[in-house]
Amino acid sequence: MIGGGFGGLEAARSLARAAVRVTLLDARNHHLFQPLLYQVATAGLSPGDIAEPIRHIVRRLKNVRVVLGRAERIDRAARQVVLAGGASPLTYDYLVVATGVINSWFGKEQEWAEHAPGLKSVEEALEIRRRVLMAYEHAELEEDPARRQAWLTFVVVGGGPTGVELAGALAELSRNTLAGNFRSIDPREARVILCEGGDRILRAFSEQLSGQALRSLEQLGVDVRFGSYAAEVNGQGLTLGDERIDARTILWAAGVKGGPLLATLETEQDRMGRVRVAPDLSLPADPRVFVIGDAAAVRQGEDDFVPGVAPAAMQMGRHAGEQIQRALAGQPPQPFSYLDKGSMATIGRSQAIAALPGGLELRGLLAWLAWLAVHIMFLIGFRNRILVLIQWMWAYMTFQRGARLITNEGEPRAD
Ligand SMILES: Cc1cc2nc3c(=O)[nH]c(=O)nc-3n(C[C@H](O)[C@H](O)[C@H](O)COP(=O)(O)OP(=O)(O)OC[C@H]3O[C@@H](n4cnc5c(N)ncnc54)[C@H](O)[C@@H]3O)c2cc1C
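Everything quoted here is computed from the prediction, not taken from an experiment. (Residues numbered from 1 in each chain as written. Predicted model: local features only at pLDDT ≥ 70, side-chain atom pairs only at ≥ 80, totals over all residues. Heavy atoms only, no water.)

1. Here's the deal with the site of the ligand
Heads up, the condition is: Being near a molecule or strand, for a residue, comes down to having at least one heavy atom within 4 Å of it. Each polar contact in these results corresponds to two N or O atoms within 3.5 Å; when the atoms are within protein, one needs to be able to donate a hydrogen and the other to accept it, and residues that are neighboring in sequence are counted only if both atoms are side-chain atoms. Working definition of accessibility: Shrake-Rupley area with a 1.4 Å probe, residue cover restricted to the visible protein chains. Secondary structure is summarised from DSSP: a helix means a run of H or I of at least four residues, a strand means a run of E of at least two, and numbering begins at the N terminus for each.
Neighbouring the ligand are 29 residues; Gly7, Asp26, Gln34, Ala71 and Asp294 lie closest to it. Within the backbone of alanine 310, an N or O atom sits 2.9 Å from an oxygen atom of the ligand. In isolation the ligand offers 1000 Å² of accessible surface; the protein chains occlude 88% of this area. Elements supplying a minimum of two residues to the shell around the ligand: helix 1 (6-14) and helix 10 (310-328).

2. Comments concerning helix 6 (residues 122-141)
Which entries qualify depends on this criterion: Expected helix span is given by 1.5 Å per residue-to-residue step, counting one fewer step than there are residues. Accessibility here uses a 1.4 Å probe with only protein chains present; expressed as a share of the type maximum, an area under 20% marks a residue as buried, one over 50% as exposed, and anything in between as partly exposed.
The terminal C-alpha atoms of helix 6 lie 29 Å apart, and with 20 residues this matches the ideal 28 Å at 1.5 Å per residue to within 8%. Where burial is concerned, most of helix 6 is hidden: 15 out of the 20 residues are buried.

3. A closer look at the side chain of serine 14
Just so we agree on the cut-off: The contact criterion used is simple: two residues touch if any of their non-hydrogen atoms lie within 4.5 Å.
When you line up the elements, serine 14 lands in helix 1. Looking at serine 14, its side chain comes within polar contact range of the main-chain oxygen of alanine 11, at 2.9 Å. Aside from chain neighbours lying at most four places away, what touches serine 14 is Gly317, Arg318, Gly321, Glu322 and Gln325.

4. Here we look at the sheet that holds strand 12 (residues 222-226)
Under the convention used in this document: Each pair of strands is called paired provided DSSP finds at least two bridges between the two strands. Here the axes come from fitting lines to C-alpha atoms, over the contacting stretch only for helices, and the angles between their N-to-C directions go from 0 to 180 degrees.
The strand order across the open sheet formed by 4 strands is 12-11-10-16, and the pairing between neighbours is parallel. Either end of the sheet is taken by a strand with one partner, and the two such strands are strand 12 and strand 16 (249-252). Strand-to-strand twist of the sheet, defined as the mean angle between neighbouring strand axes without regard to direction, takes the value 20 degrees. Two elements, strand 10 (residues 153-157) and strand 16, share 4 bridges in a ladder whose sense is parallel.

5. Quick notes on the sheet that holds strand 23 (residues 352-355)
The sheet built from 3 strands is open, its strands ordered 22-23-24 with antiparallel pairing. Each of the sheet's edge strands pairs with one partner strand only, and the pair in question is strand 22 (343-346) and strand 24 (361-363). Each neighbouring strand pair of the sheet contributes to a mean axis angle of 5 degrees, computed without reference to strand direction. Where strand 23 meets strand 24, 3 bridges bridge the pair, whose relative direction is antiparallel. If you follow isoleucine 353 over to strand 24, its bridge partner there is arginine 363.

6. Brief notes about the domain arrangement of the protein chain
The figure often quoted for interface size is the accessible area lost as the parts come together. Put simply, the test is: Domain delimitation follows an automatic or database domain assignment. Two parts lose some accessible area (1.4 Å probe) when they are put together, and adding that loss for both gives the buried area. Just to be clear on terms, a salt bridge is a Lys or Arg side-chain nitrogen sitting within 4 Å of an Asp or Glu carboxyl oxygen. Amino acid classes used here: Ala, Val, Leu, Ile, Met, Phe, Trp, Tyr, Cys and Pro are nonpolar; Asp, Glu, Lys and Arg are charged; the rest, including Gly, are polar.
Structurally, the protein chain comprises domain 1 (6-27 + 69-104 + 256-328) and domain 2 (109-254). Placing the centre of domain 1 and that of domain 2 at their C-alpha centroids yields a distance of 34 Å. Facing the 5 residues of domain 1 at the interface are 6 residues of domain 2. The contact between domain 1 and domain 2 buries some 460 Å² in all, and 36% of this surface belongs to carbon and sulfur atoms. For domain 1, the biggest contributors to the area lost against domain 2 are Val101, Asn103 and Ser104; these three give 76% of the whole. For the pair domain 1 and domain 2, the number of links is 1 salt bridge. Close ionic contact of lysine 257 with glutamate 109 constitutes a salt bridge, the shortest N to O distance being 3.0 Å. The interface formed by domain 1 and domain 2 contains 3 residue pairs in polar contact (both at pLDDT 80 or more). Looking at side-chain class alone, the side of domain 1 that touches domain 2 contains 1 nonpolar, 2 polar and 2 charged residues.

Written as structure tokens, this is what we have:
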């Protein structure tokens, strides 16, 4: 099993009672609850609230061994996973690849990634938090009005759930949390700009719900730009079409792609670098290798794909585990079928939208309470659930964010 995210963990769990030995390999020692990562990036939660050591999660699964290491290459002919750093390769009878996706800057990785960090890991969330909080500190000391405004301009690129959640939280940070904390600047004058290339945000939702989300964002003071693609990004700002925006903080939520490991499977990948799998989630030419979760391009219907969301990864993990057991019992494979349990997105501290199965749609506070319940329920670890709930209640009552620490600050950025 490569990857201790939603898919890999669920695959390991589904094999807990089977007569097999499972090796769970991950480059990190923790499982990360990515849906709440934006809260770490905006100082609402601390990393330990939303991450849990993988060893601890699977401690009761006696047939599961955890290995900390990065898979560098998969050698299907030798049935081996080659590890980075020269450690001995891992040999497998069956392999489940659940490595998720990585940020994509559409081929501009070298030029843009440094200036516009994405949000996929704890490290990136902490870097965003540092940049956001430091921007206010720089603005406080800056005497030139134009330069001060550039420090107080925050641009989020990408109008999907991550971009919307980030923009909403940044607006609340400036309007509520930081208000009154500075003497030379008024944090409420910060501009939060969300740019979306298409003609609406949250495209996975109905037009009504995405319209509602837009209104909620605008009420928070977010400036939403449509049809605006980033043409140039650097340390001083970005160009959207013909318009230049001076902004010292740019956050990237515009795209993801499969990681480099997937190419070593030497099988067909889609435009996003995800692996095209057979209906049972195995490789078309190798029934011993399964690719699941975000890393897999799984067809549903004619030209649609299973979405890259946590419940889909978990369902795929379970399915892959079952298929391995069927193969060991000499039974034929079964196709995977995704059960859509609905989707949600939150906009700020008490607004959300939810599309539930059967066409039921929720919005406003009710949707936010449903969002809160689901996210706390699916957080791994009882301690985390309690901690997050308490922090949210506190934040809800006081508008305060408990993790406003600036860490890893080296030399101040040069102008
Ligand atoms: C900011 C953000 C917000 C999100 N919000 C939501 C939401 O609200 N609701 C929702 O349903 N989904 C949400 N998602 C999507 C959801 O998190 C993913 O669909 C889900 O995590 C996919 O699970 P996975 O197991 O495929 O991959 P992941 O959970 O990404 O896990 C991949 C694992 O593989 C490991 N790995 C990667 N490469 C290697 C390697 N070479 N060697 C060893 N280990 C490796 C990683 O360390 C990681 O632990 C969000 C995602 C992000 C980034």
